[in-house]
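# Structural characterization, general
Listed below are the residues making up each chain.
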Amino acid sequence: MSDSLYDHYKDTCQTQHAACSLRNKFFLALLVLVFVLGAFTFDPQGCQDAAAAVLAGYGFNLSVSGRVMQALLWVGVLYTYIRYLQLMTTIERDYLYLNKLERELKRQGCPIDREGSDYSMGWPLLSKAIDLLYKLFFIALFEVVLLTKAFTEGFTIDVFSLIDWAALVLFTTLTVLYWIYLWDVNKAYDKMSEEDEEL
């Protein structure tokens, strides 16, 4: 067995674990930002007052308009979503790569099975459900909340509206591109599953 390959495998596992931890943090941040942005649709003045109270609690006595706050939230949602998608794609690539490394290590006589063969190939129902929550359900929910907010408020020709709509268009475009990527990843998992059955 190649020690350098095994060390590379361990390093890749650690990198993936760090990416998963960071992904979870960005997911929570995205959840909070989308919730707050959605709340502005139903009670803009209440949200503005709550934000002013939070800022005052930290010693900032600023009077920021609701439109400025919402534009900042849109930008924050977009940035957080980009980072979340980057981490999700990194994690998916790492899973495929780790499976490849495990195969090579097994060929060299080191029987490594990181999470058990059922984890990535014959996923139990709960693992599949959690995977769908991360990859599809919550992203679709975020999309619905943001679309509802945008269409409820309508479109006006001003800087803030342009920021909102540009962020929404980018968010939607990234969602579509991500789901196309997931389609390809799932095909790669299926191919790997078939190769494992042949071994």
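Whatever comes next refers back to the structure up there.
First, a word on what this report is: a plain description of the structure on this page. Predicted, not measured: the structure shown is a model, and the values here were computed from it.

## Some details on the overall build of the chain
In terms of helices and strands, the chain carries 6 helices and 0 strands. Ordered by position from the N terminus, the helices and strands of the chain form the series α-α-α-α-α-α. Every one of the 199 residues in the chain was classed for burial, and the buried ones make up 34%. For the chain, long-range pairs separated by at least 24 residues make up 82% of all intrachain contacts whose partners lie at least 6 apart in sequence.

## Section: the nonpolar core
Ranked by internal contacts, the top residues of the largest apolar core, which has 35 residues, are Leu30, Val77, Tyr81, Tyr84, Leu146 and Phe171. At the level of secondary structure, the elements contributing two or more residues to this core comprise helix H1 (3–42), helix H3 (66–107), helix H5 (125–153) and helix H6 (159–198). The dominant element in this core, judged by the number of residues it contributes, is H3, at 12 residues. Formed by 7 residues, the second largest nonpolar core is a distinct cluster that contains Leu5, Leu98, Leu105 and Cys110.

## As for the side chain of threonine 89
As for its placement among the helices and strands, threonine 89 is situated in helix H3. Those residues in contact with threonine 89 that sit more than four places away from it in its chain are Tyr178 and Tyr181.

Rules used in this analysis
- Counting restarts for each chain, with residues numbered from 1 along the sequence as it is written.
- pLDDT decides what is reported in this predicted model: residues at 70 or higher carry local features, side-chain atom pairs at 80 or more are listed and counted, and totals for whole chains, interfaces and linings draw on all residues regardless.
- Derived side-chain values reflect all non-hydrogen atoms in the structure, with water molecules and hydrogen atoms excluded from consideration.
- Where helices and strands are cited, they refer to DSSP runs of H or I of at least four residues and of E of at least two residues respectively, numbered from the N terminus.
- Here's how the labels work: a residue is buried when its accessible area is under 20% of the maximum for its type, exposed when over 50%, partly exposed in between, all with a 1.4 Å probe on protein chains only.
- Throughout, a contact is declared for two residues whenever any of their heavy atoms are within 4.5 Å.
- Take the buried residues of types Ala, Val, Leu, Ile, Met, Phe, Trp, Tyr and Cys, join any two whose side-chain atoms come within 4.5 Å, and each joined set is a nonpolar core.

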